[in-house]
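Listed below, chain by chain, are the residues.
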Amino acid sequence: MSRTTVTAGLAIPFALVLNLAGSAQAAPEEKPSSYSPVAITEDFESTKNRLAGEKAGVAQTQRRLLDARYDLADKPVQGVTMSRGKPVQGGVRVKLSSGTNWDDLGRMSPEDIRGKRLFPAGFMPLPHPKHGEGGMVFPQFMIDEINKQEQRDLTRFDLDFDLPDHFLPEFPAPIFLTTRPDLGDVSQGKQVTLFNFHELFNGILNPKQLEGLRLLLTPFPQQQFNATEDRRSEHPHRGVACLDCHANGHTNAATHLVGDIRPQELRHRIDTPSLRGVNIQRLFGSQRALKSVEDFTEFEQRAAYFDGDPVIATKKGVNILERGSQVHFMGEFQNILDFPPAPKLGVEGRLIRGQASEQELRGEALFYGKAACAGCHAPPYFTDNSMHNLKTERFFEPQNINGRLAKADGPIKTFPLRGIKDSPPYLHDGRLLTLDDTVEFFNLVLQRGLSAEEKADLVAFLRTL
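Residues numbered from 1 in each chain as written. Predicted model: local features only at pLDDT ≥ 70, side-chain atom pairs only at ≥ 80, totals over all residues. Heavy atoms only, no water.

Where an unreviewed UniProt entry is consulted, the chain appears under the name Cytochrome c peroxidase, with the organism given as Azotobacter chroococcum.

Okay, structure coming up:
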């Protein structure tokens, strides 16, 4: 006999009372979790087929966003190249709203720009090409070279890299060493891998540095590239190496999501920073403020590779590096990676008169004067080894952009400007495609009031660094 309750003389089943009570209340909103799911409820072939089927639609959605924000045409600057000769892209590529121009926008207050929704879309945070999933994504030229040398495929069956190659650093990147400046570029025009590093560097590096380089080139399991059934590679995978992103100790602009922000929609896209000049830096990670390159190296392997989730890391095969030898050796190699030559700069980081053009000299005067760039980017390496909050949220209402909730970036590390023309795209998430875009961004956000001629002069100076 079932339990009943009596109401106004009616016998009502107790279970129905519970159902009626529950229906009167709204279902509680599911709270986002800090943790990734560990159990897999779908077999690998089904997952692969489903996500591969969605790939074209994901790419189309991201391309529409990029086309709406930027002029993506290949427009190199005449006579300006990166260290090994790749043309540098020029011009402001961020598109403005119809009826606006940069001069008028520069005279408006943040409140007016926000109220009239005139903040350029290209200045907004740039979402990962698949923000709800995230993970490492590599340019096709890197995928092809690693496949050729190591038969290790960095292709994702669910996702491709999104930015055109002409906006990316040159490949393979040259390598300059603080210990052997007399040699210039020691890469011999090759992408350094586990298969050729000994041939290239034996006799140039000491044994500790050689071992550190070997470890930086050794693939270890990562969230999307591993041997588990929830990987994003077609076949079980050895993993990724540090220098798969920091190619030749520089960058190939491979992208990822930061591991230290939750929920997922607030995580920042990462544009891989160059490792050149880490010896003069005292903060590592765009927001983590790790205090040594050794801390950063260990953190990447234990946490960032797995979106900051140690449970997932254990499941997928985390590589625990030994701090006293392996991490130390890796750090020792990274600490001898030098900036590229800047023949127009003197030993104190100032332009040498007689070698610089009049436009470059005017740009330098602006850098230290009206534009006030040197307040954060102090010579000779053009960083203050600090973090600053630009508070760009003054200019726009919070909004969701392809799965990325744009609200506030918070404080971001001041990256060095030495060799900056070799390291597009710009800002921590790569939202600025050219140095011209970058100058426009800071002119607006910091309310500098630069004229079109002054902005052009400043870009000319930045290309000399």
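Sorry if this is basic, but what is going on with the overall build of the chain here?
Check the secondary structure of the chain and you find 14 helices and ten strands. Against the compact-globule benchmark of 23 Å for 465 residues, the chain has a radius of gyration of 25 Å, which places it among compact chains. In terms of overall dimensions, the chain has a C-alpha envelope of 105 × 55 × 40 Å along the principal axes. Across the 465 residues of the chain, 52% fall into the buried class. A sequence separation of at least 24 residues applies to 68% of the contacts in the chain between residues at least 6 apart. For the chain, the exposed surface amounts to about 20,700 Å²; the carbon and sulfur share of it is 54%. With 55 positive and 59 negative side-chain charges, the chain shows a spacing of 2 Å between the two charge centroids. (Helix = DSSP H or I, 4+ residues; strand = E, 2+ residues; numbered from the N terminus. Rg over C-alpha atoms; globule rule 2.2 N^0.38 Å. Buried < 20%, exposed > 50% of the residue type's maximum accessible area, 1.4 Å probe, protein only. Contact = heavy atoms within 4.5 Å. Areas by Shrake-Rupley, 256 points an atom, 1.4 Å probe, with all protein chains shown as cover. Lys, Arg positive; Asp, Glu negative; His and termini not counted. Charge placed at Lys NZ, Arg CZ, Asp CG, Glu CD.)

How do you make sense of the packing of aromatic side chains when you look at a structure like this?
The geometry of two aromatic rings is summed up by the distance between their centres and the angle between their planes. Under the criterion given, the structure shown has 14 aromatic pairs. Centroid distance Phe44 to Phe157: 5.9 Å. Interplanar angle 80°. Geometry classified as edge-to-face. Of this pair, Phe44 sits in helix α2 (residues 44-69) while Phe157 is found in the loop between α5 (140-150) and α6 (197-201), placing the two residues 113 residues apart along the sequence. A relative accessible area of 12% means that Phe44 is categorised as buried. Given a relative accessible area of 10%, Phe157 falls into the buried group. Seen in terms of ring centroids, Phe441 and Phe442 are 5.1 Å apart; in terms of plane orientation they differ by 85°. Their pairing is edge-to-face. Among the residues examined, Phe442 registers a relative accessible area of 27% and is labelled partly exposed. (Phe/Tyr/Trp six-rings, centres within 6.5 Å; stacked < 30°, edge-to-face > 60°.)

Whenever I open this one, the UniProt feature "domain: Cytochrome c" (unreviewed entry) in the chain confuses me. Can you help?
Taking the numbering used here, the UniProt-annotated feature "domain: Cytochrome c" (unreviewed entry) corresponds to residues 358-465. In the segment residues 358-465, helix accounts for 31% and strand for 9%; the C-alpha atoms at its two ends are 16 Å apart. (UniProt positions renumbered as here; feature names shortened; annotations may be inferred.)

Could you clarify how one ought to interpret the side chain of Lys130 in this entry?
When you line up the elements, Lys130 lands in the loop between α4 (110-115) and α5. In terms of polar contacts, Lys130 uses its side chain to reach the side chain of Asp158, at 3.3 Å. With near-sequence residues (within four places) excluded, Lys130 lies in contact with Leu51, Val58, Asp158 and Leu159. (Polar contact = N/O pair within 3.5 Å; in protein donor to acceptor, adjacent residues only side chain to side chain.)

When you look at the environment of Asp160 in this model, what are you seeing that I'm missing?
Following the sequence through the fold, Asp160 ends up in the loop between α5 and α6. The sequence separation of Asp160 and Ala56 amounts to 104 residues, and the corresponding C-alpha distance is 9.3 Å. The residues touching Asp160, leaving out its near neighbours within four places in the chain, are Lys55, Pro129 and Val137. Polar side-chain contacts of Asp160 include one of 3.1 Å to the side chain of Lys55.

Would you mind going over unusual backbone geometry with me for this structure?
Glycine aside, residues mostly have negative phi angles, and peptide bonds mostly take the trans form. The linkage connecting Phe171 with the following residue, Pro172, adopts the cis geometry, with an omega of -10°. Relative to the helices and strands, Pro172 resides in the loop between α5 and α6. With an omega dihedral of 5°, the bond running from Pro379 to Pro380 counts as a cis peptide bond. Mapped onto the fold, Pro380 is located in the loop between α12 (358-368) and β7 (387-388).

Could you clarify how one ought to interpret α5 in this entry?
One full turn of an α-helix is made of 3.6 residues, so residues set three or four places apart face in the same direction. Among the residues of α5, Phe141, Met142, Ile143, Glu145, Ile146, Gln149 and Glu150 are the ones counted as buried. Close packing links the buried residues of α5 with α8 (242-245).

It is not clear to me how α12 should be interpreted in this structure. Could you clarify?
Those residues of α12 that fall on the buried side of the exposure criterion are Glu360, Leu361, Gly363, Glu364, Leu366 and Phe367. Packing partners of the buried residues in α12 comprise α14 (452-462).

Would you take a moment to explain the pattern of salt bridges for this structure?
One side chain can pair with another of opposite charge once the charged atoms of both are near each other. Within this structure, the stated rule accounts for 39 salt bridges. The shortest N-O distance in the salt bridge between Asp162 and Arg269 comes to 2.8 Å. One end of the pair, Asp162, is in the loop between α5 and α6; the other, Arg269, is in strand β6 (residues 269-271), with 107 residues separating them in the sequence. Residues Asp162 and Arg269 agree in their burial class; the two are buried. (Salt bridge = Lys/Arg side-chain N within 4 Å of Asp/Glu carboxyl O.)

How should I be thinking about the state of the cysteines in this particular structure?
Following the criterion strictly, the structure yields zero disulfides and no others. Counting only cysteine sulfurs, Cys242 is the nearest neighbor of Cys245, a cysteine outside any disulfide, at a range of 8.8 Å. Residue Cys376 stays outside any disulfide, its sulfur separated by 9.0 Å from that of Cys373, the closest cysteine. (Disulfide = S-S within 2.5 Å.)

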